[in-house]
Amino acid sequence: MKTMKLEIVTPNGLIYEGDVKMVTLPGKEGEFGVLPEHASLVSLLETGVITIETTEGKEIMVAINRGYVKVDENKVSCIVDGAVLINDEEGRLSQRMAEAKELLKSAQTSDVAIAAAVSKVESIKKSY
Amino acid sequence: MASLKDIKRKIKSVKGTQKTTHAMKLVSSAKLKRAEELAKRSKMYAQKITEMIDEIALQIAKYNDVSDNIYFRTVENPKTVDIVFVTADKGLCGGFNSQTIKSVNAMLSEYEAKGTTVRLRAIGKKGIAYYRFNKREMLDEIEGLSASPSYEEAAKFIRACVDDYIAGKTDKVVLVHNGYVNMITQEIRVDNLVPVDPSTLPEGSTSNSELELEPDDDDTLLEALIHRYLEYLMYYALIDSLAAEHGARMQAMDAATTNAKEMVKTLTVQYNKARQEAITTELIEIISGVESLK
């Protein structure tokens, strides 16, 4: 199984770093998934949720407001204004979810995009 | 000669001041550590974003001249210049604020000698107070941002500047702040925000592979990226200035504490001397009294 490196950086520091199998990103022109050895790409990111599938098969969600992604063959760098890692090993899911929702709601985009992202965040709870 | 009671009162008051300055020093050093950490963490973001701008600019440069772009064009003789400067909201930090103000003043007179209109945008209470006192008009005044920098607020502020630039109201935006070098040194930093000087962007390692862009419009992407870059520069100036402010205050308060200590010492000597003198005089009086009775 091939993997790639993923980094999510905000002005306040590194949010996530690690090897992943797949990542789904909320692009400006629609959501798209990236697998290892993807062609080089730069895209604007919209308010939404990044879904990461780690090498261990775990699913991690990160809420973002807006930013960029740069994809290389084996590395994905996300540069975003604000991000909240929703579920990691440490738990505290409900607190993180509240933070994520706040971040999404304060984003300056269309209500539709925000609503979609918020509902996605809420769906995490159900699956847990 | 001050009376014994006066000296005693003075010693007590100096000791009180010493306690305050010492406490302020401790507070500043704790805050400094936090600000330093924040600055360090955000450096990574800076690195990534400059890398990306560089790459996209290169990509675009393949097809058309970058200097045509409104953000990259060079202005020989700007008619209007905006100076954005950051000072602290609080004083008691040595020459920290006055250094910034001094360099802003130097720039002001330099530009005005060339016949350039200068508009000031002030962040921080101290700078605002200074220019208000000197009856110099400011375009923008923001308080409270330099004490607790937030990315959103910084972004909102800088967007107004960039909008003015695009609308042609100003030809150049310069950012001045007093930056952090280490615990005891601060340094005035001047950044040209727009137009962006392409040579200031670090040379990144550019891959040869064709870059796919989405949205498939170079300008939108570059524009948005540059906005992010400027927002970040503004935010970074704020945290850098905050770290420097705490450093300066720590130093100033340390000096004040030492001075107070010194003062207590001399006052104590003075007090002891005065007390001895009083005793001596009293003794002489008694002795001479006894002497006269003989």
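Residues numbered from 1 in each chain as written. Chains lettered and ligands numbered in written order. Predicted model: local features only at pLDDT ≥ 70, side-chain atom pairs only at ≥ 80, totals over all residues.

**Comments concerning the domain arrangement of chain B**
Residues and elements named next belong to chain B.
No. 1: We note that the domain assignment places domain 1 (4-21 + 253-293) and domain 2 (42-252) within chain B.
No. 2: Taking only C-alpha atoms into account, the centre of domain 1 sits 54 Å from that of domain 2.
No. 3: On the side of domain 2, 4 residues touch domain 1, which itself brings 4 residues to the contact.
No. 4: For the side of domain 1 that touches domain 2, the class distribution of residues is 3 nonpolar, no polar and 1 charged. (Domains from an automatic or database assignment. Contact = placed C-beta atoms within 7 Å. Nonpolar A, V, L, I, M, F, W, Y, C, P; charged D, E, K, R; others polar.)

**As for helix α2 (residues 96-113) of chain B**
All names here are of chain B.
No. 1: Over its 18 residues, α2 extends 26 Å from the first C-alpha to the last, a length consistent with the 26 Å expected when each residue adds 1.5 Å.
No. 2: Listed as buried for α2 are F96, N97, T100, I101 and V104. Each buried residue of α2 sits inside an arc of 120 degrees when the element is viewed along its axis, so together they form one side. Facing away from the buried side of α2 by over 90 degrees, the exposed positions are K102, A106, S109, E110 and A113.
No. 3: Remark: G115 follows α2 within two positions and exhibits a positive phi of approximately 85 degrees. (Helix = DSSP H or I, 4+ residues; strand = E, 2+ residues; numbered from the N terminus. Expected span 1.5 Å × (residues − 1). Buried ≥ 20, exposed ≤ 12 C-beta atoms within 10 Å, placed from the backbone. Arc of directions from axis to C-beta.)

**Some remarks on the pairing of strand β2 (residues 13-27) of chain A**
Residue and element names in this part refer to chain A.
No. 1: Sheet topology places strand β1 (residues 4-10) next to β2; 7 bridges connect them, and they run antiparallel. Bridge assignment links K5 to a residue of β2, and that residue is D19.
No. 2: Direction of pairing for β2 relative to strand β5 (residues 48-54): antiparallel, over a ladder of 4 bridges. When the bridges of β5 are listed, V20 appears paired with T54.
No. 3: Sheet analysis places β2 next to strand β3 (residues 30-34), joined by 5 bridges and oriented antiparallel. (Pairing = 2+ DSSP bridges.)

**Overview of the interface of chain B and chain A**
Accessible area lost upon the coming together of the parts serves often as the stated size of an interface.
No. 1: Taken together, the 22 residues of chain B in the interface contact 21 residues of chain A.
No. 2: The set of elements that each furnish at least two residues to the side of chain B that touches chain A consists of α1 (4-63), β6 (212-214) and α5 (218-293) of chain B.
No. 3: The residue makeup of the side of chain B that touches chain A, split by class, is 14 nonpolar, 3 polar and 5 charged.

**Concerning unusual backbone geometry**
No. 1: Of note, E37 of chain A is a non-glycine position whose phi angle comes to about 65 degrees, a positive value.
No. 2: For K135 of chain B, which is not glycine, the phi torsion reads 55 degrees and is therefore positive.
No. 3: Its location among the elements puts K135 of chain B in the loop between α3 (125-133) and β3 (140-142).

**What about the sheet that holds strand β5 (residues 185-194) of chain B?**
Residue and element names in this part refer to chain B.
No. 1: Spatially, the 5 strands line up as an open sheet ordered β3-β2-β1-β4-β5, and their pairing is mixed. The strands lining the two open edges of the sheet, one partner per strand, are β3 and β5. If you compare each strand with its neighbour and ignore which way they point, the axes differ by 20 degrees on average.
No. 2: Judged from the 7 bridges that link them, strand β1 (residues 80-86) and strand β2 (residues 117-123) form a sheet pairing that is parallel. Directly across from V81, in β2, lies its bridge partner V118.
No. 3: Packed onto the sheet, α3 meets β1, β2 and β3 and runs at close to 135 degrees relative to β2.
No. 4: Here helix α4 (residues 151-166) sits on the sheet and contacts β1, β2, β3, β4 (172-182) and β5; the angle it forms with β1, its principal contact strand, is near 170 degrees. (Axes fitted to C-alpha atoms, helices over the stretch in contact; angles between N-to-C directions.)

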